[in-house]
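Fold and geometry: a report
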There are 2 protein chains.
Amino acid sequence: MRVLGVDPGLTRCGLGAVEGRPGAPLGLIAVGVVRTGSDQELGARLVGIEAGIEQWLDDVRPDAVAVERVFAQHNVRTVMGTAQAAGIAVLCAARRGLPVALHTPSEVKAAITGSGTADKKQIGAMVTRLLRLAEMPKPADAADALALAICHVWRGGAQSRLAAALARAAPKNARR
Amino acid sequence: MRVLGVDPGLTRCGLGAVEGRPGAPLGLIAVGVVRTGSDQELGARLVGIEAGIEQWLDDVRPDAVAVERVFAQHNVRTVMGTAQAAGIAVLCAARRGLPVALHTPSEVKAAITGSGTADKKQIGAMVTRLLRLAEMPKPADAADALALAICHVWRGGAQSRLAAALARAAPKNARR
């Protein structure tokens with residue numbers, strides 16, 4: 001399965017796509033960041049994030065999208081923008097009917113390094129090793145996006161299949 | 001000027017449009033809520049909010065959109081969803097090139113009632129009086145959206161003209 005990971009942010013939104021399945025070697029598809037200027041109005045920044053993510057979805061054509069779950073306890077100065085960038089990533093994926101998973105930073109750290117409290121350097125080192133890269137992806141947001149995608153390949157895939165099975169089994173109760 | 005106010009939320013997103021200018025009577029254009037089910041996945045909810053806001057923008061054709069500014073200090077359980085709904089409202093308006101203003105709850109309360117600490121009932125009473133309505137708009141999210149729109153007519157209009165003048169005067173420095 002091909003997974004696009006999104007480490008949300010307004011100034012730098014990390015994006016990383018990997019191909020793989022549990023128990024097999026992983027392959028890097030693409031990695032990078034979508035940037036918006038801190039001098040731009042919020043509306044222009046959100047439009048830029050949306051356009052960037054849409055382009056990535058067009059190029060990468062993932063089977064699923066994994067987005068970092070944002071908590072209110074994060075850096076208060078930037079958390080609202082981070083939450084809004086995450087929301088746009090979820091929106092773009094859902095509009096295409098792609099399954100979306102939210103993983104917490106500690107879930108990602110634990111999946112990649114075995115420790116839920118690993119630091120950014122350790123995450124970057126493991127991403128580099130797992131994808132057999134010549135050097136660590138930069139900036140850290142890009143490496144974090146790859147870590148999210150790898151985490152999803154390893155643990156999210158099973159969750160999505162479970163959720164899909166439950167959705168099929170449950171009575172239709174969507175409402176607006 | 002015609003202003004669409006948005007009181008963001010995932011479960012109930014309040015929307016209210018008014019027509020007016022400072023010093024003249026205000027007119028109600030439309031008021032209501034866009035709802036999504038708490039049993040739905042986040043992606044489906046955000047798609048529902050986007051579709052609802054797009055419909056409102058098509059129907060109301062506002063000159064500007066006023067969205068409540070969300071703070072991390074708000075109710076932690078719901079603040080992330082509120083921030084994401086607000087982000088989608090800003091995104092939808094900015095995609096159409098509409099000016100977007102963010103007003104804090106205390107700015108809105110002060111504009112409508114003269115007190116930055118007025119309660120919901122007082123806001124609802126003033127909205128009802130200012131728009132000469134037969135009864136208070138319900139739910140409270142709908143009345144709050146009208147209060148945002150009125151606040152913007154009275155104080156935001158001048159701010160947008162100032163911002164537009166500054167933008168015209170400033171050198172082009174948008175970047176992606």
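Everything numeric in this text was worked out from a predicted model, so none of it was measured. (Residues numbered from 1 in each chain as written. Chains lettered and ligands numbered in written order. Predicted model: local features only at pLDDT ≥ 70, side-chain atom pairs only at ≥ 80, totals over all residues. Heavy atoms only, no water.)

**Considering the UniProt feature "binding site: Mg(2+) 2" (unreviewed entry) in chain A**
How we decide: UniProt positions are given in the numbering used here, feature names are shortened, and annotations may be inferred rather than shown by experiment. A helix here means a DSSP run of H or I that spans at least four residues, while a strand means a run of E at least two residues long, and both kinds are numbered starting from the N terminus.
Residues annotated by UniProt as "binding site: Mg(2+) 2" (unreviewed entry) correspond here to Glu-68 of chain A. Position of Glu-68 of chain A among the secondary structure elements: in strand β4 (residues 64-68).

**Re the interface of chain B and chain A**
Our working rule: Throughout, a contact is declared for two residues whenever any of their heavy atoms are within 4.5 Å. Once two parts are joined, some of their accessible surface, as seen by a 1.4 Å probe, is lost; buried area is that loss totalled over both. Think of a salt bridge as a Lys or Arg side-chain nitrogen and an Asp or Glu carboxyl oxygen that are within 4 Å of each other.
Contact residues are listed per partner, giving 34 residues for chain B and 34 residues for chain A. When chain B packs against chain A, close to 2700 Å² is buried across both sides, 65% of that on carbon and sulfur atoms. Counting the contacts that link chain B with chain A gives 2 salt bridges. For the salt bridge of Glu-50 of chain B with Arg-95 of chain A, the shortest nitrogen-to-oxygen distance reads 2.5 Å.

**Things to note about the sheet that holds strand β4 (residues 64-68) of chain B**
Residue and element names in this part refer to chain B. Using the following cut-off: Any two strands with at least two DSSP bridges between them are considered paired. Only the stretch in contact is used when a helix axis is fitted, and all axes are lines through C-alpha atoms; the angle between N-to-C directions ranges over 0 to 180 degrees.
Taken in spatial order, the 5 strands line up as β3-β2-β1-β4-β5 in an open sheet, and their pairing is mixed. Either end of the sheet is taken by a strand with one partner, and the two such strands are β3 (27-35) and β5 (100-103). Ignoring which end each strand starts from, the neighbouring axes of this sheet average 20 degrees apart. For strand β1 (residues 2-7) and strand β2 (residues 12-19), the ladder comprises 6 bridges, and the chain directions are antiparallel. Looking across to β2, one finds that Val-3 is bridged to Val-18. Contacting β1, β2, β3 and β4, helix α1 (residues 42-60) runs over the sheet at an angle of about 165 degrees to β3.

**Details of the relation of the copies chain B and chain A**
Put simply, the rule is: The superposition of copies rests on a least-squares fit of C-alpha positions from residues with pLDDT of 70 or more in both.
Of the transformation superimposing chain B on chain A, the axial component is 0.0 Å and the angular component is 180 degrees, with the fit at an RMSD of 0.0 Å. Expressed as an axis order, the relation between the two copies is that of a two-fold axis. Looking at the rotation axis and the C-alpha trace of chain B, the residue lying nearest is Gln-84 of chain B, at 2.4 Å. Same-surface contact between copies: 97% of interface residues of chain B are shared with the interface of chain A.

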